[in-house]
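# Remarks on the overall topology
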Amino acid sequence: MKNKQNVQKLVIHIVLILGVGINILPFIWMVLTSFKTAGEAMAIPPTILPNQFITTAYTTIVQSLSFGRVYLNTIISTVTTVVFQVAFCSMAAYAFARIEFPGKNIIFVVILSVLMVPGQIFLVPQYLFIQRLGLLDTLPALFLPNLFSAFGTFMMRQFFMSIPIELEEAAFLDGANRFQIFRKIMLPLVKPGIVA
C-alpha cells in the first residue's frame, strides 16, 4: 500500500517537474537569445547557446533609456494604483454588499458589465479623456484610468458578503457609525481579499 502511494507521488512529481520545465523553457530561450547576435538569433536550425555571449542588446537599452526614471515612474504608478484601488473598491464593495440604496442592483450590474468588454476597447476613450484633461506625457496619465476596478469591487463584495451580518448589528448596538464599522470591523476581516 505504502509503495503504491510512493509510486503515485513520484509520478505526480515527475509530471509537475516536466510541466515546470515546459513552462520555463521559453523564458530560458529568451534570455539565451538576448546574448546572441541578430544572425544567430535568426539562424536555421536554431542554436541553443550563443557562440559568443554579447551584451550589446543590454547596453543599447540602458544607453537609450533613462532606466532610473522609468523604474521610478513604474513604482509611483503601481503604488498609487494599488492604494486607490484598494480604497475605492473596498468602499464600493462594502456599499454594494451591506447598504441598501435605490438602484443598487442596477448600478452593480452596470459595473459588472465592464468586465464583459475587452480592455482594448477602453484605450481610445481613456486616451481622449487624458488628452482633454491636458495630462498627456505626465505621470498621472499612467494611473488615473486605473484608479477603480470592476473586478476588484466584485471580488471584495464577495468577501464582505461572506461575513456574518450579526457583527455589524452588534457594532450598531454599541454605537458605531457606518464608517467606523467599515474601518474597524469589516476591513480587518477581509484582509485576504485586500491582499488578493
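Refer to the preceding data block for the structure.
What this report covers is the structure whose coordinates are included nearby.

### Quick word on helix α10 (residues 178-189)
- Over its twelve residues, α10 runs 15 Å from end to end, which matches the ideal 16 Å to within 8%, given 1.5 Å per residue.
- Taken together, the buried positions of α10 are Ile 181, Phe 182 and Met 186. Down the axis of α10, the sector holding all buried residues measures 95 degrees, keeping them to one side.
- Put simply, Asn 177 is the residue that caps the front of α10, since its side-chain oxygen is 3.1 Å from the backbone nitrogen of Phe 179.

### Quick notes on the side chain of Arg 98
- Within the secondary structure, Arg 98 is located in helix α4 (residues 67-98).
- Relative accessible area serves as the criterion here: at 15%, Arg 98 is assigned to the buried category.
- If near-sequence neighbours (up to four positions away) are discounted, Arg 98 is found in contact with Phe 160, Met 161, Ile 163, Pro 164, Ile 165, Glu 168, Arg 178 and Met 186.

### Section: the packing of helix α9 (residues 165-173) against α10
- Where α9 contacts α10, the axes come no closer than 10 Å and their chain directions differ by 140 degrees. As α9 runs across α10, the sense of the crossing is right-handed. Of the residues in α10, those in contact with Leu 167, Glu 168, Ala 171 and Phe 172 of α9 are Arg 178, Ile 181, Ile 185, Met 186 and Leu 189.
- When its residues are assigned to classes, the contact of α9 with α10 shows seven nonpolar, no polar and two charged.

### So, the nonpolar core
- Formed by Ala 93, Tyr 94, Ala 97, Met 156, Phe 160, Ile 163, Ala 171, Ile 181, Phe 182, Met 186 and Val 190, the largest nonpolar core amounts to eleven residues.
- Secondary structure elements with two or more residues in this core: α4, α8 (150-161) and α10.

### What to know about the packing of aromatic side chains
- As enumerated under the stated definition, the model contains ten aromatic pairs in all.
- Measuring from centroid to centroid gives 6.5 Å for Phe 108 and Phe 154, while their planes differ by 25 degrees, and the two rings are stacked. Taken together, the residues span a long stretch of sequence, with Phe 108 in helix α5 (residues 104-113) and Phe 154 in helix α8 at a distance of 46 residues.
- An aromatic cluster of three or more residues is present, and its members are Tyr 94, Phe 160, Phe 179 and Phe 182.
- Of note, Lys 36 hangs over the ring of Trp 29, and the distance from its end group to the ring centre comes to 4.6 Å.
- Of note, Arg 157 hangs over the ring of Phe 108, and the distance from its end group to the ring centre comes to 4.3 Å.

Thresholds, definitions, all that
- Residues numbered from 1 in each chain as written.
- Predicted model: local features only at pLDDT ≥ 70, side-chain atom pairs only at ≥ 80, totals over all residues.
- Heavy atoms only, no water.
- Helix = DSSP H or I, 4+ residues; strand = E, 2+ residues; numbered from the N terminus.
- Expected span 1.5 Å × (residues − 1).
- Buried < 20%, exposed > 50% of the residue type's maximum accessible area, 1.4 Å probe, protein only.
- Arc of directions from axis to C-beta.
- Polar contact = N/O pair within 3.5 Å; in protein donor to acceptor, adjacent residues only side chain to side chain.
- Contact = heavy atoms within 4.5 Å.
- Axes fitted to C-alpha atoms, helices over the stretch in contact; angles between N-to-C directions.
- Left-handed = near helix turned anticlockwise from the far one by under 90°.
- Nonpolar A, V, L, I, M, F, W, Y, C, P; charged D, E, K, R; others polar.
- Core = buried A, V, L, I, M, F, W, Y, C linked by side-chain atoms within 4.5 Å.
- Phe/Tyr/Trp six-rings, centres within 6.5 Å; stacked < 30°, edge-to-face > 60°.
- Lys NZ or Arg CZ within 6 Å of the ring centre and 35° of its normal.

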